[in-house]
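# Inside the fold
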Amino acid sequence: MNYHTFEQIRFAMMTFIHIAQLIRFDQDRMEISVDAAVRCDGERIVWVGRTHELPPADSDQTVDCRDLVCLPGLIDSHTHSVFAGSREHEFELKLQGAGYAEIAARGGGILNTMTSTRHSSKEHLLQIAIRHARAALAFGITTLEIKSGYGLSVDDEIKMLEVIRDLPAHVPIETIATFLGAHAVPPEYKDRREAYVALVCEEMIPRVAAEKLASFCDVFCETNVFTPDETRQIFAAAKKHQLKLKLHADQLTNTGGAELCAEMGAVSADHLENISDRGIEALARSGVVAGLLPGCSFYLNMQYPPARRLITAGIPIALATDFNPGSCPTQNLPLIMTIACTQMKMTPAEVLRAVTVNAAKSVSRGDIGNIAPGMQADLAFFDVPSYTTIPYRFGQNHCTMVVKRGKIAHRSPIA
Ligand SMILES: [Zn+2]
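Basis of the calculations
- Residues numbered from 1 in each chain as written.
- Predicted model: local features only at pLDDT ≥ 70, side-chain atom pairs only at ≥ 80, totals over all residues.
- Heavy atoms only, no water.
- Buried < 20%, exposed > 50% of the residue type's maximum accessible area, 1.4 Å probe, protein only.
- Helix = DSSP H or I, 4+ residues; strand = E, 2+ residues; numbered from the N terminus.
- Pairing = 2+ DSSP bridges.
- Right-handed = clockwise from strand over helix to strand, strands pointing away.
- Salt bridge = Lys/Arg side-chain N within 4 Å of Asp/Glu carboxyl O.
- Donors = N, O, S within 2.8 Å, 3.2 Å for Na, K, Ca; no water.
- Tetrahedral: all angles 85-135°; square planar, octahedral: opposite > 155°, others 65-115°.
- Axes fitted to C-alpha atoms, helices over the stretch in contact; angles between N-to-C directions.
- Left-handed = near helix turned anticlockwise from the far one by under 90°.
- Contact = heavy atoms within 4.5 Å.
- Phe/Tyr/Trp six-rings, centres within 6.5 Å; stacked < 30°, edge-to-face > 60°.
- Lys NZ or Arg CZ within 6 Å of the ring centre and 35° of its normal.
- Expected span 1.5 Å × (residues − 1).

### With respect to the pairing of strand 12 (residues 289-292)
- Neither face of strand 12 is open: one carries Val289 and Gly291, the other Ala290 and Leu292, and all of them are buried.
- Judged from the three bridges that link them, strand 11 (residues 268-271) and strand 12 form a sheet pairing that is parallel. By the bridge assignment for strand 12, Ser268 is matched with Val289.
- At this point the chain moves from strand 11, through helix 10 (residues 277-286), to the parallel strand 12, and the crossover so formed is right-handed.

### What to know about the pattern of salt bridges
- A complete count under the given rule lists 26 salt bridges for this structure.
- Residue Asp156 pairs with Lys159 through a salt bridge whose shortest N-O separation is 3.1 Å. Of this pair, Asp156 and Lys159 both sit in helix 6 (residues 154-166), three residues apart, which is roughly one turn of that helix.
- Asp378 is paired through a salt bridge with Lys404; the nearest N and O atoms lie 2.6 Å apart. Taken together, the residues span a long stretch of sequence, with Asp378 in the loop between helix 15 (357-362) and strand 14 (379-382) and Lys404 in strand 15 (residues 399-404) at a distance of 26 residues.
- Residue classification places Lys404 among the buried residues on the basis of a relative accessible area of 6%.
- Linked by salt bridges that have partners in common, Glu43, Glu174, Arg365, Asp367, Asp378, Lys404 and Arg405 make up one network.

### Some points on the coordination of the zinc ion
- Taken together, the protein ligands of the zinc ion are His78 (NE2), His80 (NE2), His248 (NE2) and Asp322 (OD), with distances of 2.1 to 2.3 Å.
- Considering all four donor atoms around the zinc ion, the spread of angles at the metal, 84 to 168°, places the coordination shape in the irregular class.
- Each donor residue of the zinc ion belongs to the same chain, with the gaps between them written as H-x1-H-x167-H-x73-D. The two residues His78 and His80 agree in class, both being buried.

### A look at unusual backbone geometry
- Of note, Leu152 is a non-glycine position whose phi angle comes to about 55°, a positive value.
- Tracing the backbone through its elements, the reader meets Leu152 in the loop between strand 7 (141-147) and helix 6.
- Although it is not a glycine, Gln242 sits at a positive phi angle of roughly 60°.
- Position of Gln242 among the secondary structure elements: in the loop between helix 8 (228-240) and strand 10 (244-249).

### Overview of the packing of helix 6 against helix 7 (residues 193-210)
- Here helix 6 crosses helix 7 at 35°, and the two axes come no closer than 11 Å. Crossing of helix 6 over helix 7 shows right-handed handedness. Each of Val154, Asp155, Glu157, Ile158 and Leu161 in helix 6 lies in contact with helix 7, whose residues at this interface are Leu199, Glu203, Met204, Arg207 and Val208.

### A look at the packing of aromatic side chains
- Enumeration according to the criterion identifies five aromatic pairs in this entry.
- Between Phe83 and Tyr150 the ring centres are 6.5 Å apart and the planes differ by 80°, which places this aromatic pair in the edge-to-face class. On the criterion of sequence distance, the pair formed by Phe83 in the loop between strand 6 (74-76) and helix 2 (88-95) and Tyr150 in the loop between strand 7 and helix 6 is long-range, its members being 67 residues apart. Note on accessibility: Phe83 and Tyr150 belong to one class, buried.
- Site record: aromatic cluster; members linked through ring pairs are Phe83, Tyr150 and Phe323.
- Of note, Arg193 hangs over the ring of Phe226, and the distance from its end group to the ring centre comes to 5.8 Å.

### Some details on the sheet that holds strand 6
- Here we have eight strands laid out as an open sheet, ordered 6-7-8-9-10-11-12-13, and parallel in their pairing. The strands lining the two open edges of the sheet, one partner per strand, are strand 6 and strand 13 (317-319). Here the strands of the sheet are splayed against their neighbours by 25° on average, with no regard to which way each runs.

### Regarding the side chain of Asn370
- Residue placement: Asn370 occurs in the loop between helix 15 and strand 14.
- Residue contacts for Asn370: discarding those within four places in its chain leaves Arg24, Phe25, Ile45, Pro72, Val357 and Met375.

### Details of the pairing of strand 5 (residues 69-72)
- Examined bridge by bridge, strand 1 (residues 13-25) and strand 5 share two bridges and lie parallel to one another. Directly across from Leu22, in strand 5, lies its bridge partner Cys70.

### Describing the environment of Leu68
- One can find Leu68 in the loop between strand 4 (61-64) and strand 5.
- Residue classification places Leu68 among the buried residues on the basis of a relative accessible area of 13%.
- The sequence separation of Leu68 and Leu319 amounts to 251 residues, and the corresponding C-alpha distance is 23 Å.

### Focus: helix 7
- Across its 18 residues, helix 7 extends 25 Å between first and last C-alpha, which sits within 8% of the 26 Å expected from 1.5 Å per residue.
- Listing the buried residues of helix 7 in full gives Tyr196, Val197, Leu199, Val200, Cys201, Met204, Ile205, Val208 and Ala209.
- In the core, the buried residues of helix 7 are packed alongside helix 6, strand 8 (174-182), strand 9 (216-220) and helix 8.
- A positive backbone phi angle near 50° is found at Lys212, which sits one or two residues after helix 7.

So, in structure tokens, the structure goes:
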């Protein structure tokens, strides 16, 4: 069944009844309702409670969800889902001992994907992105943050952002676009990096903002990539053009990225494998969301971010795949939840919060990531006896039905 089939079936009101466990979030606790019901009117949730208390309604479509666990539609809040080409060759090199930085220095890594992406037409990239978005939806993901950053020229960055903008016309998923022109210095600017930073600030950002192609601006602030000073300069330009800020911070080395996020008022500081104590204090004071990407640590066999210390400091944690062709080629967000449990000692309740409510915070959205009247009707149903089974029975896709804006957007063949 494809999206267009669903498009033709327009239900004004849909009610999901007899949900075995419905998971929603209060300020600081997770609420589990049994034999629950959710009613959606158009794109919004209008009623949540126990099935036997459901008020009667006319011309209602009801879906029996016996034996299913219902979560808010998952939000993958940090991805690089638009790219061409593949990097299996680098995977083999890494297995033979080559490091991430070493592969980048040999023209691999981001610049390898940049070349394939520059050589791809917008239509070709869109077809790839559609496949990726369908795969994300099947895992229960209803909102996908996607970054540019494999174009690294004005036209190629715009091309990527247009693909991100156009994607929801082809797959029932919502995209949140982040401009990441400062992902790497492209080869033609190798010896004049100031000129590339100026291009990002003076040409790319104003055009992206004027064409409303992105909500956020991100920078890869890292040793041998962009310095904290260059990041400040790019962030200042982004703020001037009303783009909100995200940062690839303190991933491979500590460059004070977390502190910079607090100083500049970023919405999220992502990665943080090498965050310092001062960085943790700065985030805790400022309310910046920590976007953790443990799939990267797993895949690169590197250290994990200190999730428990961040939680103890009161910092909200979002978890995301970081889906990209180099350091984390998976879209399986539930698998990332398992890695967060086993490697960072997060609890199942904490990881659920990290891919829903907190992920919504990390993309500045208050209307998604939870199940309550007034919220957008984005729901993910899992064929498991309990929410804990989702990270516990790892590596498998338990998602059987996805609702996006009040309409069934995906059903797995077994459902
Ligand atoms: Zn990333």
